[in-house]
Amino acid sequence: KNLEMEAKAQEEAERERKREAIRQRIAAAKAASSGAISEESKPDIKDSKDCREVQVKPTADKEKEKDCEKSSKTTEIIQAGVTPEVADAPDCYDVDPASFSTLPLPTKEAGTDVGVSYKTFDRHEEMADIVALINRDLSEPYSIFTYRYFIYNWSQHTHMAMLNGRCAGVIVGKLERHRDYFRGYIAMLAVDASLRGKGIGSCLVSKAIRSMRAEGCEEVVLETECCNTGALRLYENLGFFRDKRLIRYYLNGGDAFRLKLWFPGVPYY
């Protein structure tokens with residue numbers, strides 16, 4: 001019992017360390033952005049016609065009360081044997097959703113030293129290679145109609161890493177209007193096992209983010225397995241935050257984290 005308590009204490013300390021690191025990064029980004037804008041150049045909010053209505057946030061005490069109430073309700077549901085569809089992740093980062101991603105995306109194309117090149121999907125014949133690669137690496141099976149839905153409708157957001165004329169890595173995404181803004185979604189990411197660890201996955205994600213951003217994307221979301229530490233590390237290094245924990249999200253009964261990326265200077269609605 002003492003060992004369990006000690007392990008839990010260590011886990012909580014690690015979570016708090018991550019939260020504090022993110023808070024410091026956000027504070028530094030806000031300080032840098034506020035320093036770049038002089039008081040004279042700031043627009044008059046009252047006179048601006050393009051102002052957006054900002055929702056007033058509750059105080060910290062009220063937020064804590066809500067979190068405690070939500071946590072107790074979730075515990076009661078689980079103890080009753082009912083699985084909630086969405087629950088707040090116990091190890092999600094405590095980050096203000098109004099914060100923005102400030103990490104620069106890598107610009108160097110990874111894997112070029114071993115002959116890897118990059119392109120977007122433009123030929124129907126490439127579909128078979130993409131399906132084979134993703135089915136081999138991802139735990140969740142997809143039908144051919146799912147691939148066609150994403151790739152044929154948003155081929156500009158399907159980026160491929162090619163090696164010797166074959167697809168060795170791919171990212172599949174889409175961009176749609178969500179409420180009052182444009183949201184990008186990363187549906188699939190896979191890299192051949194022989195090429196992992198070379199930064200190809202990060203390069204593909206960066207290319208997808210850039211292509212979405214060029215079309216007015218204001219945030220990017222995705223889901224990944226809670227146990228997939230490699231994927232979590234990859235996305236978090238690119239500025240993604242853990243937003244929610246999705247209970248039994250996958251067919252194998254595994255939980256998922258919903259990750260989000262906000263862009264600098266874009267208001268969060």
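Residues numbered from 1 in each chain as written. Predicted model: local features only at pLDDT ≥ 70, side-chain atom pairs only at ≥ 80, totals over all residues. Heavy atoms only, no water.

Under an unreviewed UniProt entry, the name given to the chain is N-acetyltransferase domain-containing protein, and the organism recorded is Cryptomonas curvata.

Moving on: the overall build of the chain. Broken down by element type, the chain carries six helices and eight strands. Written out in order from the N terminus, the α and β elements of the chain read α-α-β-β-α-α-β-β-β-α-β-α-β-β. Taking all 269 residues of the chain together, 36% fall into the buried category. Within the chain, residue pairs in contact and separated by at least 24 positions form 69% of the contacts whose partners lie at least 6 positions apart. When the accessible surface of the chain is split by element, carbon and sulfur atoms take 51% of a total near 16600 Å². (Helix = DSSP H or I, 4+ residues; strand = E, 2+ residues; numbered from the N terminus. Buried < 20%, exposed > 50% of the residue type's maximum accessible area, 1.4 Å probe, protein only. Contact = heavy atoms within 4.5 Å. Areas by Shrake-Rupley, 256 points an atom, 1.4 Å probe, with all protein chains shown as cover.)

Buried within helix α4 (residues 144–153) we find Tyr-147, Phe-150 and Ile-151. The buried residues of α4 occupy an angular sector of 90° when the element is viewed end-on, so they sit on one face. If you follow the buried residues of α4, they end up packed against α3 (127–137), β4 (166–178) and β5 (181–191). (Arc of directions from axis to C-beta.)

Glancing now at the side chain of Ser-206. Tracing the sequence through the fold places Ser-206 in helix α5 (residues 200–214). Residue Ser-206 is classed as buried on the basis of its relative accessible area, which comes to 0%. Apart from the residues within four sequence positions on either side, Ser-206 is in contact with Leu-105, Pro-106 and Leu-238.

Right, let's get into the layout of surface pockets. Here the second largest pocket defines a volume of roughly 860 Å³. Along its surface, the second largest pocket is lined by 35 residues, and Leu-138, Leu-189, Asn-228, Ala-231 and Tyr-235 are the ones closest to its centre. If you list the elements that add at least two residues to the lining of the second largest pocket, you get α4, β5, α5, β6 (219–225) and α6 (229–237). In terms of residue count, the dominant contributor to the lining of the second largest pocket is β5 (seven residues). Its residues assigned to classes, the lining of the second largest pocket comprises 18 nonpolar, ten polar and seven charged. (1 Å grid on protein atoms, 1.4 Å probe; cavity = no way out; pocket = protein on both sides within 12 Å on 5 of 7 lines; lining within 4 Å. Points joined across faces, edges and corners; volume = space filled by probe spheres on them. Nonpolar A, V, L, I, M, F, W, Y, C, P; charged D, E, K, R; others polar.)

Right, let's get into the pattern of salt bridges. The final tally for this structure, using the stated rule, is 13 salt bridges. Of the charged contacts, one joins Glu-126 and Lys-119 as a salt bridge, the two residues approaching to 2.6 Å between their closest N and O atoms. Classification of Lys-119 as partly exposed rests on a relative accessible area of 25%. Of the charged contacts, one joins Glu-236 and Arg-242 as a salt bridge, the two residues approaching to 2.6 Å between their closest N and O atoms. Accessibility expressed as a relative area gives 11% for Arg-242, which makes it buried. One continuous salt-bridge network, built from bridges that share partners, spans Lys-119, Asp-122, Arg-123, Glu-125 and Glu-126. (Salt bridge = Lys/Arg side-chain N within 4 Å of Asp/Glu carboxyl O.)

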